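# Structural overview for review
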Amino acid sequence: MAAAVEGPELEAAAAAGDASEDADAESRARPFLGGNRLSLDLYPGGCQRLLHLCVQQPLQLLQVEFLRLSTHEDPQLLEATLAQLPQSLSCLRSLVLKGGQHRDTLGACLRGALTTLPAGLSGLAHLAHLDLSFNSLETLPACVLRMRDLGALLLSHNCLSELPEALGALPALTFLAVTHNRLQTLPPALGALSTLQRLDLSQNLLDTLPPEIGGLGSLLELNLASNRLQSLPASLAGLRSLRLLVLHSNLLASVPAGLARLPLLTRLDLRDNQLRDLPPELLDAPFVRLQGNPLGEASPDVPSSPVAALIPEMPRLFLTSDLDSFPVTPRGCSVTLACGVRLQFPAGATATPITIRYRLLLPEPGLVPLGPHDALLSHVLELQPHGVAFQQDVGLWLLFTPPRARRCREVVVRTRNDNSWGDLETHLEEEAPQRLWAHCQAPHFSWFLVVSRPVSNACLVPPEGTLLCSSGHPGVKVIFPPGATEEPRRVSMQVVRMAGRELQALLGEPEAAVSPLLCLSQSGPPSFLRPVTVQLPLPSGITGLSLDRSRLHLLYWAPPAVTWDDITAQVVLELTHLYARFQVTHFSWYWLWYTTKNCVGGLARKAWERLRLHRVNLIALQRRRDPEQVLLQCLPRNKVDAALRRLLERYRGPEPSDTVEMFEGEEFFAAFERGIDVDADRPDCVEGRICFVFYSHLKNVKEVYVTTTLDREAQAVRGQVSFYRGTVPVQVPEEAEAARQRKGADALWMATLPIKLPRLRSSEEPRRRAGLSLAPLNLGDAETGFLTQSNLLSVAGRLGPDWPTVALHLGVSYRELQRIRHEFRDDLDGQIRHMLFSWAERQAGQPGAVGLLVQALEQSDRQDVAEEVRAVLELGCRKYQDGIRRTGLAPKDPALPGSSAPQPPEPAQA
């Protein structure tokens with residue numbers, strides 16, 4: 001390592017970067033100085049900028065405590081720059097020297113050039129945080145071991161094969177991360193880190209742990225996932241402060257019994273190991289995760305019987321995106337689907353081998369049954385054959401993102417059985433803070449989806465009578481007297497709250513208040529033999545001693561009626577200090593209102609709709625490098641800013657629309673106008689109108705390609721896209737007619753956003769459809785769908801500069817890639833077309849070619865094109881199936897489940 005660069009050598013090193021810019025170097029670098037932070041990792045030439053600052057020595061530089069610098073630099077320049085830090089940034093507390101900002105052709109993060117550190121960095125007396133991730137370190141630099149105040153050390157994604165013994169002498173270290181390295185052993189001195197609280201050693205090659213690790217008395221979190229551990233030292237039971245222990249994806253056959261006695265342990269992750277037995281205390285503990293272990297099975301080394309010795313371990317299947325079926329035998333199996341679904345078939349679930357098929361369907365109103373206050377959290381999973389009966393229930397795990405509002409709500413898996421939908425008993429398992437598994441036992445195969453609903457309480461009412469209480473609202477009760485029913489019947493209740501300020505704003509009345517909204521339903525006969533007593537809390541802020549009874553209204557609604565009925569005069573309201581009781585013989589919806597208004601039925605309908613409405617914004621953005629690619633999205637208002645920050649790196653466009661209100665599952669469509677049209681045959685497109693369905697917890701996003709019949713060589717085309725409520729009408733209105741509709745009292749129009757296609761220069765004139773002489777080509781087959789020459793031309797026109805990455809994922813050799821680049825060196829479109837069509841010609845007649853293309857597009861981060869290909873295939877399959885049904889060559893497919901939700905209860909009678 002060279003000595004520190006000083007005096008003239010420092011100026012020479014700085015001038016070597018760009019001598020012509022010395023005069024304004026400080027002004028160029030200062031925009032990256034913000035208070036006590038200096039960020040130089042996101043722009044090229046960070047080392048040169050820092051060296052210039054060191055030469056200029058501005059006063060602000062002496063105040064810098066946080067420095068970020070990319071290590072994708074010339075190694076000698078990087079070395080000279082780091083050598084200056086102790087003198088120029090003596091107050092530095094946090095130093096981030098990371099690689100990973102650049103990616104290779106396959107999208108993987110590249111490591112930085114850093115292989116060691118200057119010895120002088122140990123002079124950073126105040127340094128408490130050091131991040132050296134995504135570099136090429138093979139040994140830990142010696143200067144790090146002399147940083148006595150270091151509290152956090154991040155070494156992930158390097159090439160470390162061992163850690164030095166001296167690491168245990170860092171007295172202030174509280175966080176150590178060495179993930180994704182090549183560690184095979186750990187130094188015993190690691191146990192001397194008495195202040196260490198978080199230790200992450202996942203994704204290494206560890207097969208054993210030193211017993212001294214039990215000396216980490218302050219350790220709160222320990223992550224050893226994805227190593228080769230076969231056993232654990234008993235000293236782990238001495239980690240009395242441990243709260244989180246992650247050991248998944250190892251080779252563990254057992255764990256120390258003492259882990260069950262750790263007093264603060266709240267999560268123990270033992271998934272995907274070889275555990276066949278566990279201490280009873282761990283086996284029944286709710287914080288232990290054990291999926292993917294052969295628990296209860298006999299060890300292969302010591303079989304419990306000669307027959308058991310012949311039974312192989314349950315197979316594990318991991319399906320890729322191009323597979324839509326898998327076999328299940330009486331041995332059972334564990335299956336992970338590419339769409340984020342897991343299935344567990346226990347041994348003996350089926351008596352004979354069976355082939356399971358699956359599809360992940362986009363949600364649409366005809367397929368998704370939602371109650372008035374339900375929210376969809378997942379796509380629709382279809383498992384076939386439908387209705388097949390298993391001898392043991394099959395475990396099903398569906399991945400979803402949890403909703404923000406979870407108070408008094410629950411998540412369930414909804415499925416279709418025969419001709420009705422029902423909810424399965426569901427347990428939630430956390431994978432990450434924003435990713436949960438919904439786990440249920442599937443008694444049959446059909447359609448499955450994850451739904452958030454108000455907490456539902458249910459019971460079986462016997463002839464002797466019973467009491468049903470709400471778990472979320474203890475004041476809500478239903479009392480069934482003896483003799484209310486002759487046969488046991490099942491009843492359920494759901495309770496929904498409404499914020500008082502929303503009601504007061506709606507009514508313009510500061511003293512208005514409502515009770516929780518109660519929905520009651522039942523099975524069996526519509527009426528009870530004896531009146532049932534219902535108890536509701538009085539509206540918030542109202543007591544039975546002070547209320548004005550003339551302002552108290554009991555409202556009732558029986559679907560499919562439009563309005564709520566005021567039944568106060570038809571029932572006897574018994575009031576206590578906190579509650580109101582009344583009797584009914586039918587079940588439906590009930591609501592107590594306290595207001596000076598007289599006619600409250602219509603107001604109740606508006607308030608009920610307000611409970612179900614979501615405030616959303618609509619966006620329309622164009623890809624920066626391909627303005628013909630338009631992203632349309634409907635987002636809840638609270639998610640707009642975060643989504644735009646993520647998208648505006650690749651897209652540009654107008655500000656989002658004004659806020660509009662939409663119901664869960666509401667249909668709407670986008671219409672391109674003023675010379676802009678959709679440039680693809682899509683199954684969700686009707687005469688240039690793109691169909692949408694709004695689901696508040698799904699993405700509601702589509703990317704479409706647009707074109708124009710106007711002359712773009714003369715001038716840019718300034719069009720627009722408008723959003724309208726409802727389905728696309730049978731007679732699609734012209735733009736003038738649509739404009740008139742916007743002015744009506746009940747206008748369906750929601751927003752209009754501009755779309756601009758820039759003027760084409762003569763060199764950019766589209767040639768991909770003109771003058772082509774290509775052999776006719778159909779890629780695929782009739783049942784899975786064809787991609788024609790026209791479809792492939794459309795794909796080729798969308799790839800742009802991403803085509804080499806797609807080519808490599810398709811299996812095109814690098815040598816052929818270079819040959820195509822040379823042969824068509826002045827014609828990007830020619831390069832893309834030649835690559836794609838020459839590959840397609842080689843695949844002619846080969847099964848799975850279309851799936852390979854879709855997979856290559858996804859791996860190349862071109863999900864937009866992959867979805868377009870899927871849409872074309874789906875449309876082709878539909879036309880093929882319709883064709884063979886019309887000619888009588890095949891029976892009609894079973895219909896998809898209907899859109900009707902469970903039938904609402906009949907109207908109540910006082």
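These figures come from a predicted structure and were not determined experimentally.

## Observations regarding the sheet that holds strand S45 (residues 689-693)
- Taken in spatial order, the 5 strands make up an open sheet running S44-S45-S42-S47-S48, and their pairing is antiparallel. Both edges of this open sheet fall to strand S44 (685-686) and strand S48 (749-757), since each of them pairs with a single strand only.

## Brief notes about the sheet that holds strand S27 (residues 466-469)
- Pairing within the open sheet is antiparallel, and its 5 strands lie in the order S27-S28-S32-S36-S35. The open sheet has two edge strands, S27 and strand S35 (574-575), and neither has a second partner.
- Sheet topology note: the S35/strand S36 (residues 579-584) ladder contains 2 bridges and is antiparallel. Pairing of Leu575 across the sheet is with Ala580, part of S36.

## A word on the side chain of Arg342
- Mapped onto the secondary structure, Arg342 falls in strand S16 (residues 341-345).
- What Arg342 contacts, discounting residues up to four positions off in sequence, is Gln291, Val335, Thr336, Gly395, Leu396, Trp397 and Trp437.

## As for the UniProt feature "active site" (unreviewed entry) in the chain
- Here the UniProt feature "active site" (unreviewed entry) sits at His444, Ser446, His586 and Ser588.
- Mapped onto the fold, His444 is located in the loop between strand S24 (435-442) and strand S25 (447-454).
- Judged by its relative accessible area of 10%, His444 falls in the buried class.
- Not counting residues within four places of it along the chain, the set of residues in contact with His444 comprises Val388, Thr415, Arg416 and Asn417.
- Within the structure, His444 has its side chain in polar contact with the backbone oxygen of Arg416 (distance 3.0 Å).
- A relative accessible area of 0% places Ser588 in the buried class.

## Re the pairing of strand S31 (residues 517-522)
- The sheet contact formed by strand S29 (residues 489-496) and S31 spans 6 bridges and is antiparallel. Bridge assignment links Val495 to a residue of S31, and that residue is Leu518.
- In terms of strand pairing, S31 meets strand S37 (residues 589-594) through 2 bridges, oriented antiparallel. Along S37, the bridge assignment pairs Cys519 with Trp589.

## Observations concerning the side chain of Glu509
- Looking at the element boundaries, Glu509 is found in the loop between helix H8 (500-507) and strand S30 (513-514).
- Of the polar contacts made by the side chain of Glu509, one reaches the side chain of Thr595; its length is 2.6 Å.
- A distance of 2.9 Å separates a polar side-chain atom of Glu509 from the backbone nitrogen of Thr596.
- Discounting residues that sit within four places of it in the chain, Glu509 has contacts with Gln504, Arg551, Thr595, Thr596 and Lys597.

## Digging into the packing of aromatic side chains
- Enumeration according to the criterion identifies 18 aromatic pairs in this entry.
- Between Trp557 and Trp608, the aromatic rings sit 4.6 Å apart at their centres with planes inclined by 45°, giving tilted as the arrangement. A residue pair is termed long-range when its members are at least 10 positions apart, and Trp557 in strand S33 (residues 552-557) and Trp608 in helix H9 (residues 601-612) qualify at 51 residues.
- Trp557 sits in the buried class, given a relative accessible area of 8%.
- On the accessibility criterion, Trp608 (8% relative accessible area) is buried.
- Centre to centre, the rings of Phe582 and Tyr590 are 5.5 Å apart; their planes meet at 50°, and the pair counts as tilted. Accessibility classification places Phe582 together with Tyr590 in one group, the buried group.
- Each residue in the set Trp557, Trp564, Trp589, Trp591, Trp593 and Trp608 is aromatic and connected to the rest through ring pairs, giving one cluster.
- When the ring centre of Phe528 is taken as reference, the NZ or CZ atom of Arg489 above it lies at 4.4 Å.
- Its guanidinium or amino end placed over the ring of Trp608, Arg612 lies 4.3 Å from that ring's centre, counting from NZ or CZ.

## Brief notes about unusual backbone geometry
- Along the chain, Gln384 connects to Pro385 via a cis peptide bond; the corresponding omega equals 5°.
- Residue position: Pro385 is located in the loop between strand S19 (380-384) and strand S20 (394-400).
- For the bond from Pro559 to Pro560, the omega torsion is 10°, close enough to zero to count as cis.
- Within the fold, Pro560 resides in the loop between S33 and strand S34 (565-566).

## Structural notes on the packing of H8 against H9
- At a closest axis distance of 11 Å, the pairing of H8 and H9 adopts a crossing angle of 135°. As summarised for this structure, H8 and H9 are arranged oblique, according to the angle between their axes. Judged by the sense of rotation from one axis to the other, the crossing of H8 with H9 is right-handed. Note on element contacts: H9 touches H8 through Leu603, Lys606, Ala607 and Arg610, opposite Glu502, Leu503, Leu506 and Leu507.
- Across the contact of H8 with H9, the residue classes tally to 5 nonpolar, no polar and 3 charged.

## As for the environment of Leu163
- Within the secondary structure, Leu163 is located in the loop between strand S6 (152-154) and strand S7 (175-177).
- Between the C-alpha atoms of Leu163 and Val178, which are 15 residues apart in sequence, the distance is 9.5 Å.
- Sequence-distant contacts of Leu163, that is, excluding residues within four places in its chain, are made with Val178, Leu183, Leu186 and Pro187.

## Here's the deal with the packing of helix H15 (residues 828-843) against helix H16 (residues 849-859)
- Running from amino to carboxyl end, H15 crosses H16 at an angle of 145°, the nearest separation of the two axes being 10 Å. Both H15 and H16 take part in a crossing whose hand is right-handed. Contacts from Leu836, Trp839 and Gln843 of H15 reach H16 at Ala849, Leu852 and Leu853.
- Looking at side-chain class alone, the contact of H15 with H16 contains 5 nonpolar, 1 polar and no charged residues.

## Quick notes on the environment of Ala375
- Tracing the sequence through the fold places Ala375 in strand S18 (residues 375-376).
- You can call Ala375 buried: its relative accessible area is 7%.
- Non-local contacts of Ala375, meaning those with residues more than four positions away in its chain, are made with Arg409, Val450, Val451, Ser452, Glu664, Ser696 and His697.

## Some details on the pattern of salt bridges
- Evaluated as defined, the whole model comprises 20 salt bridges.
- The partner of Arg267 in a salt bridge is Asp269, and the shortest N-O contact between them spans 3.7 Å.
- Judged by its relative accessible area of 24%, Arg267 is partly exposed.
- Here Asp269 falls in the buried class, since its relative accessible area comes to 1%.

## Considering the nonpolar core
- Counting residues in each nonpolar core, the largest one holds 76 residues, and the members touching the most others are Leu176 and Leu222.
- Mapped by element, the contributors of at least two residues to this core are strand S2 (37-40), helix H3 (46-56), strand S3 (66-70), helix H4 (75-83) and strand S4 (94-98).
- Here this core gets 5 residues from one element, more than from any other, and that element is H3.
- Other than its neighbours up to four places away in sequence, Leu176 contacts Leu153, Leu155, Leu167, Leu190, Leu196, Arg198, Leu199 and Asp200.
- Counting 33 residues, the second largest nonpolar core, distinct from the first, contains Cys459, Val534, Leu573 and Phe587.

Rules used in this analysis
Residue numbers run consecutively from 1 along every chain, following the written order of its sequence. A pLDDT threshold of at least 70 governs which residues receive local features in this predicted model, and a stricter bar of 80 or more applies before side-chain atom pairs are shown or counted, although totals over entire chains, interfaces and linings include all residues. Heavy atoms from the whole structure form the basis of all side-chain values; hydrogens and water molecules are not counted. A pair of strands is considered paired only if DSSP assigns at least 2 bridges between the two. To qualify as a helix, a DSSP run of H or I must reach at least 4 residues; to qualify as a strand, a run of E must reach at least 2; elements of each kind are numbered from the N terminus. Contacts are residue-level and defined by heavy atoms, with any inter-residue pair within 4.5 Å sufficient. UniProt positions are given in the numbering used here, feature names are shortened, and annotations may be inferred rather than shown by experiment. Exposure is judged per residue with a 1.4 Å probe applied to protein chains only, and the accessible area is read against the type maximum: over 50% gives exposed, under 20% gives buried, and values in between give partly exposed. Each polar contact in these results corresponds to two N or O atoms within 3.5 Å; when the atoms are within protein, one needs to be able to donate a hydrogen and the other to accept it, and residues that are neighboring in sequence are counted only if both atoms are side-chain atoms. Two rings from Phe, Tyr or Trp (for Trp, the six-membered ring) form a pair when their centres sit within 6.5 Å of each other. Planes less than 30 degrees apart are called stacked, planes more than 60 degrees apart edge-to-face, and all others tilted. Placement of a charge over a ring requires the Lys NZ or Arg CZ to be within 6 Å of the ring centre, with the centre-to-atom vector within 35 degrees of the ring normal. Axes here refer to lines fitted to C-alpha atoms; in helices the fit is confined to the stretch in contact. Angles between the N-to-C directions go from 0 to 180 degrees. Oblique is the label for any angle not under 35 degrees, not over 145, and not in the 65 to 115 range, which are roughly parallel, roughly antiparallel and roughly perpendicular in turn. When the near helix sits turned anticlockwise from the far one by under a right angle, the crossing is termed left-handed; a clockwise turn instead gives a right-handed crossing. Three residue categories are used. Nonpolar comprises Ala, Val, Leu, Ile, Met, Phe, Trp, Tyr, Cys and Pro, charged comprises Asp, Glu, Lys and Arg, and polar comprises the others, including Gly. Only one rule defines a salt bridge in this text: a Lys or Arg side-chain nitrogen within 4 Å of an Asp or Glu carboxyl oxygen. Among the buried residues, those of types Ala, Val, Leu, Ile, Met, Phe, Trp, Tyr and Cys that are joined through side-chain atoms within 4.5 Å form a nonpolar core.

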